[in-house]
Amino acid sequence: MGSKRPRRGRRARKLTAGMKWWGWGDPERRAELSESAVAAVREELDVGPDDGSEPVSIEQVSLPDGRPIPDAVRAAADDVLDGTDDRIRHAAGRSYPDLVRLRTGQLEYAPDAVLRSADAAGVEAVLDACAAAGVAVVPFGGGTSVVGGLEALSNGHSAVVSLELSRLRSVELDSQSLTARLGPGLSGPEAEAALGALGATLGHFPQSFEEATIGGFAATRSAGQASSGYGRFDELVTALELTSPAGQLRTLQVPHTAAGPSLREVVLGSEGTLGVITDVTCRVRPAPPTRVYEGWIAEDFEAGREIVRDLAQRHEAPDVLRLSDEEETRVSLELAGTEGLQKRALDAYLGLRRRRGGCLMICGWEGEREDVSRRRGISQTRLRLGGAVALGRSAGNSWFRSRYGGPYLRDELMNLGVLVETLETAHTWSRLDELYRAVRNALRGALGERSIVMCHVSHAYADGASLYFTLLTRARPGEELDQWRAAKSAACEAIVGVEGTITHHHAVGRDHAPYMRAEVGELGLEALRAVKERLDPAGIMNPGKLLPAD
Ligand SMILES: Cc1cc2nc3c(=O)[nH]c(=O)nc-3n(C[C@H](O)[C@H](O)[C@H](O)COP(=O)(O)OP(=O)(O)OC[C@H]3O[C@@H](n4cnc5c(N)ncnc54)[C@H](O)[C@@H]3O)c2cc1C
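Just so it is clear, the model here is predicted, and its values are computed rather than measured. (Residues numbered from 1 in each chain as written. Predicted model: local features only at pLDDT ≥ 70, side-chain atom pairs only at ≥ 80, totals over all residues. Heavy atoms only, no water.)

## Some thoughts on the overall build of the protein
So, point 1. Helix and strand counts for the protein stand at 19 helices and 18 strands.
So, point 2. Taking 550 residues into account, the globule formula puts the C-alpha radius of gyration at 24 Å, and the protein, at 23 Å, falls close to it.
So, point 3. If one aligns the C-alpha atoms of the protein with their principal axes, the spans along those axes are about 75 × 60 × 45 Å.
So, point 4. When burial is assessed residue by residue, the protein has 57% of its 550 residues classed as buried.
So, point 5. Counting contacts in the protein only where the partners sit at least 6 residues apart, residues at least 24 apart contribute 80% of the total.
So, point 6. Summed over all atoms, the accessible surface of the protein reaches about 22700 Å², with 49% contributed by carbon and sulfur.
So, point 7. If the 66 positive side-chain charges of the protein are averaged to one point and the 77 negative ones to another, these points end up 5 Å apart. (Helix = DSSP H or I, 4+ residues; strand = E, 2+ residues; numbered from the N terminus. Rg over C-alpha atoms; globule rule 2.2 N^0.38 Å. Buried < 20%, exposed > 50% of the residue type's maximum accessible area, 1.4 Å probe, protein only. Contact = heavy atoms within 4.5 Å. Areas by Shrake-Rupley, 256 points an atom, 1.4 Å probe, with all protein chains shown as cover. Lys, Arg positive; Asp, Glu negative; His and termini not counted. Charge placed at Lys NZ, Arg CZ, Asp CG, Glu CD.)

Following this line, the structure appears as structure tokens:
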């Protein structure tokens, strides 16, 4: 591995060339649903051929009139974009309600302008000007929040600006310490490409990898698909810089310190409410020369969970370790077009082993060849002892190839007229099944008979694991947001009812803020509010997120 100097102030990505304004990812790319998959979805969810609708055109979107941006704020920014297109593209994240509002062209909130700064000093100047003028600031990374984290709420301020960080894209590798200083505006692929050219990897691959940014990962405590091996993003961060309205807060770049409670931890997960994360230093690893992925089928969800627990508690979990429940296994095979020959071959294979159905597991190992081979051997022994049947590498490779495809599929399902949303939580092993049943029952109750509620485990620890739910039902035109609200609040109530966490990795934003009291208690909220008051005395930073209103 070599070393690299920082690159500052590179030309920003052209805003209008980014993600689909109404959906996910590359505007040129769409997922393909086979005819049989479409038929199965329609049949199972009672969706009619006339139910679906395509998004309106961007010219048809209605949004609130832009309020004036004070001259001092304009002067502090390097770029000020107040055209309708830019305001629309920064008005929402990518949750189901965000997508409904964008696709139907009904935006209740939008920033009054989009600002950009070239560096941390520029960010500081913008925050100073906004604080003096009483203008709220929403830091904007990749725009992939799924918890309402980007909603342009003014909470009494005269205007709201979206502070887009795409110009802060420096990369500096310390190859001796195996750490990298990264600009917050780097997207996942940009960071990996720059590190890959130097022989390193971060190993952080969330499903939103293609669009989300380093600053966003830190601000939301993101967890990637390979978190069992590489760690969650907050575990990778060794130091950071927060540019707040009260000044800059930097943590030392040292491997560990016993100097009191960690301010790094306070900033991680602050979701833009304390300031802007303008510099992030992460641990990196040498890029893995070998990757092996394979599929397994566990007897059922409970047996699969026992295997995951066993591997996690032996500290021998594969780098990627995922377990789908029966419903998710069935639906993903159907939607992936695993039908006809492929499906029959899979059934025949399982039949030979006296197995019907079961739960899909994906295991992936990355690293030096000998190490991969040793760890894979241990995992395979435990998987077999737990009653799982090997499906081989093609199932694993097929998951690996399509691991960022889910959000494209969601766009197509919405075109068909399907309400599709995800949510996640976590608990200890001893209460994981209770949490699973509580959330599943709550969602089924809220959505009704003709719906699908499925789940997977994708982040495992010695003491517990996360649960990630996907729900699908027929979207009733004009009532989609009410349907979503009913399902979301039922699930959140179920989660707090069994003392699970309201979020394992999607963060709090606006949608989970009402549940923060259950998460940290009244005194905990007061302590968080006191920190905010010190760093953001005028309350301009991302109002209405993370902390509940009352
Ligand atoms: C299809 C899909 C799949 C997803 N999969 C995953 C997954 O596998 N794992 C996972 O963890 N999450 C996932 N997410 C959620 C989302 O991608 C993460 O929360 C991500 O970390 C957000 O990064 P971003 O750059 O898009 O941030 P944004 O969405 O732009 O911002 C998120 C929040 O962080 C704040 N923020 C952004 N940058 C900064 C900064 N530099 N300083 C201070 N505050 C900032 C914003 O104000 C906002 O409150 C997924 C989302 C989608 C739509």
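Now that the structure has been shown, the text picks up again.
## Let's talk about the nonpolar core
So, point 1. Core analysis: the largest hydrophobic core is formed by 65 residues, its most contacted members being Met 361, Val 418, Val 439, Leu 443, Leu 467 and Phe 469.
So, point 2. The biggest single contributor to this core is helix α17 (residues 429-447), with eight residues.
So, point 3. Here Met 361 is in contact with Glu 294, Gly 295, Trp 296, Ala 298, Gly 304, Ile 307, Val 308, Leu 321, Arg 322, Leu 323 and Leu 383, once residues within four sequence places are set aside. (Core = buried A, V, L, I, M, F, W, Y, C linked by side-chain atoms within 4.5 Å.)

## With respect to unusual backbone geometry
So, point 1. Positive phi, normally seen in glycine, also occurs at Glu 271, with a value near 55°.
So, point 2. With respect to the helices and strands, Glu 271 occurs in the loop between α10 (263-267) and β10 (276-283).
So, point 3. Owing to a relative accessible area of 10%, Glu 271 belongs among the buried residues under this scheme.
So, point 4. In this model, Ala 507 sits at a positive phi of 80°, which is unusual for a non-glycine residue.

## Description of the pairing of strand β16 (residues 418-428)
So, point 1. In terms of burial, β16 is a largely internal element, nine of the 11 residues being buried.
So, point 2. Sheet topology note: the β16/strand β18 (residues 464-474) ladder contains 11 bridges and is antiparallel. Within β18, the position partnered with Glu 421 by the bridge is Leu 471. (Pairing = 2+ DSSP bridges.)

## Notes on the sheet that holds β10
So, point 1. Strand order in the open sheet formed by five strands is β5-β6-β10-β8-β9, with antiparallel pairing between adjacent strands. The sheet terminates laterally at β5 (171-174) and β9 (247-250), the two strands that pair on one side only. Between one strand axis and the next, the sheet turns through 10° on average, direction left out of account.
So, point 2. With six bridges connecting them, strand β8 (residues 237-244) and β10 associate as antiparallel partners. Residue pairing in the sheet places Glu 241 in a bridge with Asp 279 of β10.
So, point 3. Docked against the sheet, helix α5 (residues 120-133) engages β8, β9 and β10, running at close to 40° with respect to β8. (Axes fitted to C-alpha atoms, helices over the stretch in contact; angles between N-to-C directions.)

## As for a negative patch on the surface
So, point 1. On the surface, Glu 299, Asp 300, Glu 302 and Glu 326 cluster together to form a negatively charged patch.
So, point 2. Mapped onto the elements of the fold, Glu 299 is located in the loop between β12 (290-298) and α11 (301-313). (Patch = residues over 30% accessible without salt bridge, like charges linked within 9 Å, V, L, I, M, F, W, Y side chains within 5 Å. Salt bridge = Lys/Arg side-chain N within 4 Å of Asp/Glu carboxyl O.)

## Points about the sheet that holds strand β15 (residues 389-392)
So, point 1. As summarised here, the arrangement of the seven strands in space is β15-β12-β14-β13-β17-β18-β16, forming an open sheet in which the pairing is antiparallel. The open sheet has two free edges, formed respectively by β15 and β16, since each of these has just one partner strand. Strand after strand, the sheet turns through a mean of 20° between neighbouring axes, direction not considered.
So, point 2. Where helix α16 (residues 406-416) meets the sheet, it contacts β16 and β18, and its direction lies at approximately 135° from that of β16.

## Structural notes on empty space enclosed by the protein
So, point 1. Enumeration over the complete set of coordinates arrives at three cavities of 30 Å³ or more.
So, point 2. Taken as a whole, the largest cavity encloses approximately 50 Å³ of empty space.
So, point 3. In terms of lining, the largest cavity is formed by Ala 91, Ala 92, Asp 98, Arg 101, Leu 107, Glu 108, Tyr 109 and Glu 151.
So, point 4. Grouping the constituent residues of the lining of the largest cavity by class yields four nonpolar, no polar and four charged. (1 Å grid on protein atoms, 1.4 Å probe; cavity = no way out; pocket = protein on both sides within 12 Å on 5 of 7 lines; lining within 4 Å. Points joined across faces, edges and corners; volume = space filled by probe spheres on them. Nonpolar A, V, L, I, M, F, W, Y, C, P; charged D, E, K, R; others polar.)

## A look at the pattern of salt bridges
When the charged atoms of two side chains with opposite charge come close together, those side chains can pair.
So, point 1. Counted by the stated rule, this structure contains 41 salt bridges.
So, point 2. Close ionic contact of Arg 474 with Asp 51 constitutes a salt bridge, the shortest N to O distance being 2.8 Å. Taken together, the residues Arg 474 in strand β18 and Asp 51 in the loop between α1 (35-45) and α2 (71-76) connect sequence positions 423 residues apart.
So, point 3. By relative accessible area, Arg 474 is classed as partly exposed at 27%.

## Notes on the layout of surface pockets
Empty space left among the atoms is revealed by rolling a probe the size of a water molecule over them.
So, point 1. Taken as a whole, the second largest pocket spans an internal volume of roughly 530 Å³.
So, point 2. Arg 221, Leu 268, Gly 269, Val 508 and Leu 546 are the residues nearest the centre of the second largest pocket, which is lined by 28 residues in total.
So, point 3. For the lining of the second largest pocket, the secondary-structure elements that each account for two or more residues are α10 and α19 (516-535).
So, point 4. The dominant element in the lining of the second largest pocket, judged by the number of residues it contributes, is α19, at six residues.

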